[in-house]
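The primary structure of each chain is shown beneath.
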Amino acid sequence: MKDTLGSTPPTRRRWRRTLRRGLFWTALGLAAAALAYALDQRALASAIGVPPFVVGVLFSLVPLPALGVGLRALARALRLRGASELADAVAKQLEGRLPGDYVVLSHYAPRDDGEAEVAVVVVGPPGVVVVEPRGEAGEVICYQDHWYRRSSRTRSRALYDSPSKRARWNATRVRSDIATGGFINTRIEGVVVFTRAKLGDVSSSGVPVVEGLDAAVSYLTRYDPRMETSAERTRALADALIGPIRLAIAS
């Protein structure tokens, strides 16, 4: 029996909106800086009765808030774009390597109206697994769900967020959608997949963590497919998340 995904759910990519916001604020800051440079600061200082250097300092400070907001938004847009592309790549790899009775969903948008999407959801005989893919390089370690990338034996740098906390939170969001569809007792869990990094001590992570896609496939298929469900149940679980999809079944 083989199931293949006939349609994919709509994606919700926030990085483009964040990029536009970053470009707007950066342009506004640069325009303010250009205007300040073009004005006759000496004449303005004389007109209001203050030393010229005071006007110069004030004018140099005016663009900073807009530039700060814009540059932070641009950095976030690049990070979101990277995460979006990584989710696409991991979903494609899993789709090609998992058995036919699995369904892989990317960019899943939970029904809680939150902006953050779920990168990858895998529906299969063992249940539903929320995959949090991460593309950091080097060695990563975890201390009670606080994550760090080790740059040397004595120096570590904190990751911008906690992948294990995000995986657990997203699993809760998906569990709510599944329960709404009538599958209250379905096994739902989160797992973090590092596609490039080596794992150090990650024993205190709140969810399982695996290194590389080979380990991810092994983890996702670690149960006997006959243990919990069938292809029909897999289809029903996928339908509960994204609505009816076409699954071609061949014996």
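Only a predicted model underlies this, so the values are computations on that prediction, with no experimental measurement involved.

What counts and how
Residue positions are given per chain, counted from 1 along the sequence in the order it is written. Whole-chain, interface and lining totals are the exception, using all residues; otherwise, since this is a predicted model, local features are given only for residues with pLDDT of at least 70 and side-chain atom pairs are given and counted only at 80 or more. The side-chain numbers reported here are obtained from all heavy atoms of the structure, hydrogens and water having been left aside. Paired strands, in this sense, are two strands between which DSSP finds at least two bridges. Numbering of helices and strands runs from the N terminus, with a helix taken as a DSSP run of H or I at least four residues long and a strand as a DSSP run of E at least two residues long. In this analysis an axis means a line fitted to C-alpha atoms, helices contributing only their contacting stretch, and an angle means the value between N-to-C directions, from 0 to 180 degrees. Two residues form a contact once any of their heavy atoms are found within 4.5 Å. Multiply 1.5 Å by the residue count of a helix minus one, and that product is the helix's expected span. Exposure classes here rest on a 1.4 Å probe applied to the protein chains alone. A residue is buried below 20% of its type maximum, exposed above 50%, and partly exposed in between. Definition used for salt bridges: Asp or Glu carboxyl oxygen within 4 Å of a side-chain nitrogen of Lys or Arg. In this scheme Phe, Tyr and Trp rings, the latter by its six-membered ring, pair at centre separations within 6.5 Å, and the angle between planes marks the pair as stacked below 30 degrees, edge-to-face above 60, and tilted otherwise. Comment: the charge-over-ring label is applied if NZ (Lys) or CZ (Arg) is within 6 Å of the ring centre and within 35 degrees of the ring normal.

Participant: Help me out: how do you make sense of the sheet that holds strand S1 (residues 103-108) in this one?
Facilitator: What holds strands together in a sheet is hydrogen bonding between their backbones, with the strands either parallel or antiparallel. On the basis of which strands lie adjacent, the open sheet formed by five strands has the order S1-S2-S3-S7-S9 and mixed pairing. In the strand order of this sheet, the two ends are held by S1 and strand S9 (209-211), each with one partner. With direction set aside, neighbouring strand axes in the sheet form an average angle of 30°. Bridge count between S1 and strand S2 (residues 118-124): five bridges; the pairing is antiparallel. Within the sheet, the bridge partner assigned to Tyr108 lies in S2 and is Val118. The strands touched by helix H5 (residues 163-180) within the sheet are S1, S2, strand S3 (127-134) and strand S7 (188-194), with S7 carrying the most contacts at an inclination of about 145°.

Participant: I tried to follow helix H4 (residues 64-97) on my own but got confused; where do I start?
Facilitator: Given 3.6 residues per turn, any residue in an α-helix points the same way as the ones three and four places further on. Here H4 spans 49 Å end to end across 34 residues, near enough to the 50 Å set by a 1.5 Å rise per residue. Every buried residue of H4 is listed here: Ala66, Leu67, Gly70, Ala73, Ala77, Leu80, Ser84, Leu86, Ala87, Val90, Ala91 and Leu94.

Participant: Can you help me understand the sheet that holds strand S5 (residues 146-150) in this one?
Facilitator: Strand order across the open sheet formed by four strands is S6-S5-S4-S8, with mixed pairing between neighbours. Edge positions in the open sheet fall to strand S6 (156-158) and strand S8 (198-199), since each of these has one partner strand only. Sheet topology note: the strand S4 (residues 139-143)/S8 ladder contains two bridges and is parallel. Its bridge partner lying in S8, Glu139 is registered against Lys198.

Participant: When you look at the pattern of salt bridges in this model, what are you seeing that I'm missing?
Facilitator: As a working rule, side chains carrying opposite charge can pair if their charged atoms are close by. Within the structure shown, the criterion is met by nine salt bridges. Here Asp112 ties to Arg173 by a salt bridge, and the two come within 2.7 Å at their closest N and O atoms. Of this pair, Asp112 sits in the loop between S1 and S2 while Arg173 sits in helix H5, and the two are 61 residues apart along the sequence. The shortest N-O distance in the salt bridge between Asp145 and Arg168 comes to 3.2 Å. Here the residue Asp145 occupies a position in the loop between S4 and S5, and Arg168 occupies one in helix H5, the gap between them amounting to 23 residues. For Asp145, a relative accessible area of 10% translates into the label buried. One connected set of salt bridges, linked through shared partners, spans Arg134, Glu136, Asp161 and Arg166.

Participant: It is not clear to me how the packing of aromatic side chains should be interpreted in this structure. Could you clarify?
Facilitator: Under the defined criterion, the tally for this structure stands at one aromatic pair. When the ring of Trp147 is compared with that of Phe194, the centres are 5.4 Å apart and the planes differ by 40°; the resulting orientation is tilted. Highlighted residues: Trp147 in strand S5 and Phe194 in strand S7, separated in sequence by 47 residues. Accessibility expressed as a relative area gives 2% for Trp147, which makes it buried. Phe194 sits in the buried class, given a relative accessible area of 0%. Across the ring face of Trp169, the terminal group of Arg173 is positioned such that the distance to the ring centre comes to 4.4 Å.

Participant: What is the right way to read unusual backbone geometry from this model?
Facilitator: In terms of backbone geometry, most residues other than glycine have negative phi values and most peptide bonds are trans. Located in the positive-phi region is His107, a residue other than glycine, with phi close to 55°. Residue placement: His107 occurs in strand S1. One non-glycine residue, Asp145, lies in the positive phi region at around 70°.

Participant: Where do I start with the pairing of S7 in this structure?
Facilitator: Each regular strand carries side chains that alternate between the two faces of the sheet. S7 sits mainly inside the fold: seven of its seven residues count as buried. Burial of S7 is two-sided: the residues Ile188, Gly190, Val192 and Phe194 facing one way and the residues Glu189, Val191 and Val193 facing the other way are all buried. Note that S3 and S7 share seven bridges and pair parallel. Bridged to Val130 within S7 is Gly190. Relative to S9, S7 runs parallel, the two sharing three bridges. Looking at the pairing, Val192 lines up with Val209 of S9.

No statement about biological role is implied by the geometric values presented.
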